[in-house]
Amino acid sequence: MKAIKIINTIAVGTPFPLLLMEVIFRDGGFALFALLSTMFTGFVQVVLGLFLLIKFPRNSHYKIYIVAVVLYFGLWFMGSELNLKDNFFYLLCSIPPCLAVYLSVLIYKRSNHEL
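Residues numbered from 1 in each chain as written. Predicted model: local features only at pLDDT ≥ 70, side-chain atom pairs only at ≥ 80, totals over all residues. Heavy atoms only, no water.

1. Re the overall build of the protein
Helix and strand counts for the protein come out as 5 helices and 0 strands. Ordered by position in the sequence, the α and β elements of the protein form the string α-α-α-α-α. Overall size of the protein, expressed as C-alpha extent along the three principal axes, is 45 × 40 × 15 Å. In the protein, buried positions account for 30% of the 115 residues. Taking the intrachain contacts of the protein between residues at least 6 apart in sequence as the baseline, contacts between residues at least 24 apart amount to 64%. Charged side chains of the protein number 9 positive and 5 negative; the gap between the two group centres comes to 19 Å. (Helix = DSSP H or I, 4+ residues; strand = E, 2+ residues; numbered from the N terminus. Buried < 20%, exposed > 50% of the residue type's maximum accessible area, 1.4 Å probe, protein only. Contact = heavy atoms within 4.5 Å. Lys, Arg positive; Asp, Glu negative; His and termini not counted. Charge placed at Lys NZ, Arg CZ, Asp CG, Glu CD.)

The structure is reproduced here in structure tokens:
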């Protein structure tokens, strides 16, 4: 579990130093890398969520996380197909940080010796 916590910390923490470097250097490239690293964060967290769901199949919190991820991508697809804009897009932008915080809380609540 300690390795999962370290991987999650690196994945969640990566965009922040890149944004700080963008503020310092005003380059434009660091902001792009920060945005790209948020996609990396999402991928890592989905993989970790699936791993934890496989390891602890009776834990309903991991099931809720995976269902929320599937619903997010379903809403994203549906919004693009139905040409929904503005408020719907803002709603979709708020979901990934909530999912990241939710999985991080689930990961850090578990003790290191449980895995």
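2. Describing the packing of aromatic side chains
Enumeration over the complete set of coordinates arrives at 6 aromatic pairs. Seen from their ring centres, Phe 73 and Trp 76 are 5.7 Å apart, and the 40° between their planes marks the pair as tilted. Placement of the pair is Phe 73 and Trp 76 together in helix α4 (residues 60–81), with a separation of 3 residues, close to one helical turn. Every member of this aromatic cluster is reached through a ring pair, and the members are Tyr 72, Phe 73 and Trp 76. (Phe/Tyr/Trp six-rings, centres within 6.5 Å; stacked < 30°, edge-to-face > 60°.)

3. Re the layout of surface pockets
Put simply, the largest pocket is a space of about 790 Å³. Elements supplying a minimum of two residues to the lining of the largest pocket: α2 (15–25), α3 (29–55), α4 and α5 (87–109). With 10 residues, the single largest contributor to the lining of the largest pocket is α3. Tallied by class, the residues present in the lining of the largest pocket amount to 20 nonpolar, 5 polar and no charged. (1 Å grid on protein atoms, 1.4 Å probe; cavity = no way out; pocket = protein on both sides within 12 Å on 5 of 7 lines; lining within 4 Å. Points joined across faces, edges and corners; volume = space filled by probe spheres on them. Nonpolar A, V, L, I, M, F, W, Y, C, P; charged D, E, K, R; others polar.)

4. Quick notes on a nonpolar patch on the surface
A contiguous nonpolar surface patch, about 410 Å² in accessible area, is contributed by Leu 20, Met 21, Ile 24 and Phe 25. Inspection of the secondary structure puts Ile 24 in helix α2. (Patch = residues over 30% accessible without salt bridge, like charges linked within 9 Å, V, L, I, M, F, W, Y side chains within 5 Å. Areas by Shrake-Rupley, 256 points an atom, 1.4 Å probe, with all protein chains shown as cover. Salt bridge = Lys/Arg side-chain N within 4 Å of Asp/Glu carboxyl O.)

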